[in-house]
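One letter stands for each residue in the lines below.
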Amino acid sequence: MQNSGVSLRFEFQHFAIVYNGNPRVASMPYFAVIEEIWEVNYVKFSVCVFKCKWVNNNIGVRTDDFGFTLA
């Protein structure tokens with residue numbers, strides 16, 4: 001299997017305290033491995049759909065000595 005890793009970083013706004021009107025921006029990385037690739041063919045265009053096995057960010061992600069992310 002070739003390198004089939006996927007990484008995404010989602011950014012979102014949230015309020016630290018309910019009555020505080022200052023939103024904070026936070027980001028969260030997500031990591032996965034592609035298991036299947038489907039091509040959905042509509043008449044005028046095609047869309048690729050990836051089925052991924054997502055890593056549990058709480059227990060399954062670490063960084064090695066060279067800075068590579070390991071799952």
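Residues numbered from 1 in each chain as written. Predicted model: local features only at pLDDT ≥ 70, side-chain atom pairs only at ≥ 80, totals over all residues. Heavy atoms only, no water.

**Structural notes on the overall build of the protein**
- In terms of helices and strands, the protein carries zero helices and five strands.
- Scanning the protein from its N terminus toward the C terminus, one meets helices and strands in the order β-β-β-β-β.
- Radius of gyration (C-alpha) of the protein: 17 Å, far over the 11 Å computed for a compact globule of 71 residues.
- The C-alpha extent of the protein, read off along each of the three principal axes, is 50 × 40 × 20 Å.
- Each of the 71 residues in the protein was classed as buried or not, and the buried ones make up 8%.
- Long-range contacts, defined here as pairs at least 24 residues apart, represent 22% of the contacts in the protein between residues at least 6 apart.
- Accessible surface, the protein: about 6,500 Å² in total, of which carbon and sulfur atoms supply 55%.
- Once the 6 positive and 6 negative side-chain charges of the protein are each reduced to a mean point, those two points are 7 Å apart. (Helix = DSSP H or I, 4+ residues; strand = E, 2+ residues; numbered from the N terminus. Rg over C-alpha atoms; globule rule 2.2 N^0.38 Å. Buried < 20%, exposed > 50% of the residue type's maximum accessible area, 1.4 Å probe, protein only. Contact = heavy atoms within 4.5 Å. Areas by Shrake-Rupley, 256 points an atom, 1.4 Å probe, with all protein chains shown as cover. Lys, Arg positive; Asp, Glu negative; His and termini not counted. Charge placed at Lys NZ, Arg CZ, Asp CG, Glu CD.)

**Notes on the sheet that holds strand 2 (residues 23–41)**
- One open sheet holds the three strands; their spatial order is 1-2-3, and the pairing between them is antiparallel. Pairing within the sheet leaves two strands with one partner each, and these edge strands are strand 1 (5–15) and strand 3 (46–54). When the angles between neighbouring strand axes are averaged without regard to direction, this sheet yields 50 degrees.
- Looking at chain direction, strand 1 and strand 2 are connected through eleven bridges and run antiparallel. Each bridged residue has a counterpart across the sheet, and for His14 the counterpart in strand 2 is Arg24. (Pairing = 2+ DSSP bridges. Axes fitted to C-alpha atoms, helices over the stretch in contact; angles between N-to-C directions.)

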